[in-house]
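# Understanding the architecture of this molecule
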Amino acid sequence: MIKEQNINGSNFDFLRIVFALFVIISHSYPISGIPEKEEWLLKITNNEISFSYLGVAGFFAISGYLVIQSLLRSKNLINYFMKRVLRIYPALLCVLTVTILLGVFVYHGSAKDYVENASVWTYVPYNLSLFKLQYSISGIFADNPFKNSINGSLCTLPYEIILYFLLSFLFLIKSNKHKILVLATAFCFVIFYILFLRPYLLIHLYPYPIRRGIDYSGGFIAGSLLAFLDIKKIKYKKFIVLLMIVLWVVSLKYNFYGLVQYLVLPVTVIIIGTSSFPVINNLKQSIGDLSYGIYIYAFPIQQTLEHFFRFGTFPLMLWSAFITIPFAWMSWHFIEKKALALKYRLNS
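Counting restarts for each chain, with residues numbered from 1 along the sequence as it is written. Side-chain atom pairs in this predicted model are given and counted only at pLDDT of 80 or more, local residue features only at pLDDT of at least 70, and totals for whole chains, interfaces and linings cover all residues. Remark: hydrogens and water are excluded; side-chain values derive from all non-hydrogen atoms of the structure.

### Some points on the overall build of the chain
Looking only at helices and strands, one finds 14 helices and zero strands in the chain. Taken from the N to the C terminus, the helices and strands of the chain come in the order α-α-α-α-α-α-α-α-α-α-α-α-α-α. Each of the three principal axes of the chain carries a C-alpha extent, and together these read 60 × 50 × 45 Å. For every residue, the accessible area (1.4 Å probe, protein chains only) is compared with the maximum for its type, and the residue is labelled buried under 20%, exposed over 50%, or partly exposed between those bounds. Split into buried and exposed, the 348 residues of the chain put 51% on the buried side. Here, Shrake-Rupley sampling with a 1.4 Å probe gives the accessible areas, and only protein chains in the shown set may cover a residue. Within the structure as shown, the chain displays about 17,000 Å² of accessible surface, and the carbon and sulfur contribution to it stands at 72%. Once the 30 positive and 15 negative side-chain charges of the chain are each reduced to a mean point, those two points are 13 Å apart. A run of H or I in DSSP counts as a helix once it spans at least four residues, and a run of E counts as a strand once it spans at least two, with each numbered from the N terminus. Positive: Lys, Arg. Negative: Asp, Glu. His and the chain ends are not part of the count. One atom stands in for each charge, and that atom is NZ of Lys, CZ of Arg, CG of Asp or CD of Glu.

### Quick notes on the packing of helix 4 (residues 77-103) against helix 7 (residues 157-168)
The relative placement of two packed helices is expressed as an angle between their axes plus a distance between the axes. At a minimum axis separation of 11 Å, helix 4 and helix 7 run at an interaxial angle of 170°. The angle between helix 4 and helix 7 places the two elements in the roughly antiparallel class. Only Leu-157, Ile-161, Tyr-164, Phe-165, Leu-167 and Ser-168 of helix 7 make contact with helix 4, whose side of the interface consists of Leu-77, Tyr-80, Phe-81, Arg-84, Ile-88 and Leu-92. Looking at side-chain class alone, the contact of helix 4 with helix 7 contains ten nonpolar, one polar and one charged residues. Here an axis means a line fitted to C-alpha atoms, over the contact stretch when the element is a helix, while the angle between two N-to-C directions is reported on a 0 to 180 degree scale. Here the word oblique covers every angle except those under 35 degrees (roughly parallel), over 145 (roughly antiparallel) and from 65 to 115 (roughly perpendicular). Two residues form a contact once any of their heavy atoms are found within 4.5 Å. Just so you know the grouping, Ala, Val, Leu, Ile, Met, Phe, Trp, Tyr, Cys and Pro go in nonpolar, Asp, Glu, Lys and Arg go in charged, and all remaining residues, Gly too, go in polar.

### Some words on helix 1 (residues 12-31)
One less than the residue count of a helix, multiplied by 1.5 Å, gives the span that helix is expected to have. The terminal C-alpha atoms of helix 1, which comprises 20 residues, lie 28 Å apart, in line with the 28 Å expected from a rise of 1.5 Å per residue. Of all 20 residues that make up helix 1, 16 are buried, and the element is covered over most of its length. One or two steps after helix 1, the chain reaches Gly-33, where phi turns positive at roughly 90°.

Pasting the structure below:
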């Protein structure tokens, strides 16, 4: 059995907040009307890595590492899925509802027209389904540089849900060795896809969501595999992280980062995450786990700021982070924390 990791004595909460802020940095470019390719991290990494890539890939690696532990602690699959629902849906329902209520203030039309707008009434149910996302409501943000989209950050949640479902099949496998074998096989498929399938499918213009889904799954699977190791007992962790960073830099310089991305990023993130730094490892106790709230509230807040003020890119980064953090704090303390109390009860 996987040894359960104590997240309260780790750096995962801090890392996830950093990753959520990274996404704000990247989104500030297109939302303020600047092409994403102008992001400075993309420029210095040969267009391989953006802040949003680091943020989302880091989220998926941590998710794979922690969710498989949740799966193996679950009494049954209903127990497992209930915990996943409690983590994702209460805060999601809240942000969708707040968006609808506040949407009238940025709507191009009267309050009466807003209420009679059919897309207003479909916004919450479609996005709660997470399989038919509705990014826009007609009449909202139509004049913004990044037109119409209300909450582009929701696009990663369906992939997360799909991976939860796929991971659940491991519950039916009793042997840990066989679980590792299944995960390793899936990981090999992702590498095979990168080497051989992606170039072919790109030529033939295959659907973008398929490529994105497989790309996200690589870090998730790698994180799940790392959960079978007792990371805290591994010697020379600092040396391993340094080696990963060197490999990161070399791969970017010589253009083979795509081949090693699911090694260097997950290993670096999980080793740092399972370490214990006294200054930050009690972050959840002091301010709460704000990462999910930052992630789901930032985009509509950025679009709203751009609607009213037309900030430049860097002021938009700062103001949106400054405003989003209180929303995330309220989301954690009034919604997510209460939902997670039920989730922890399911573990007992």
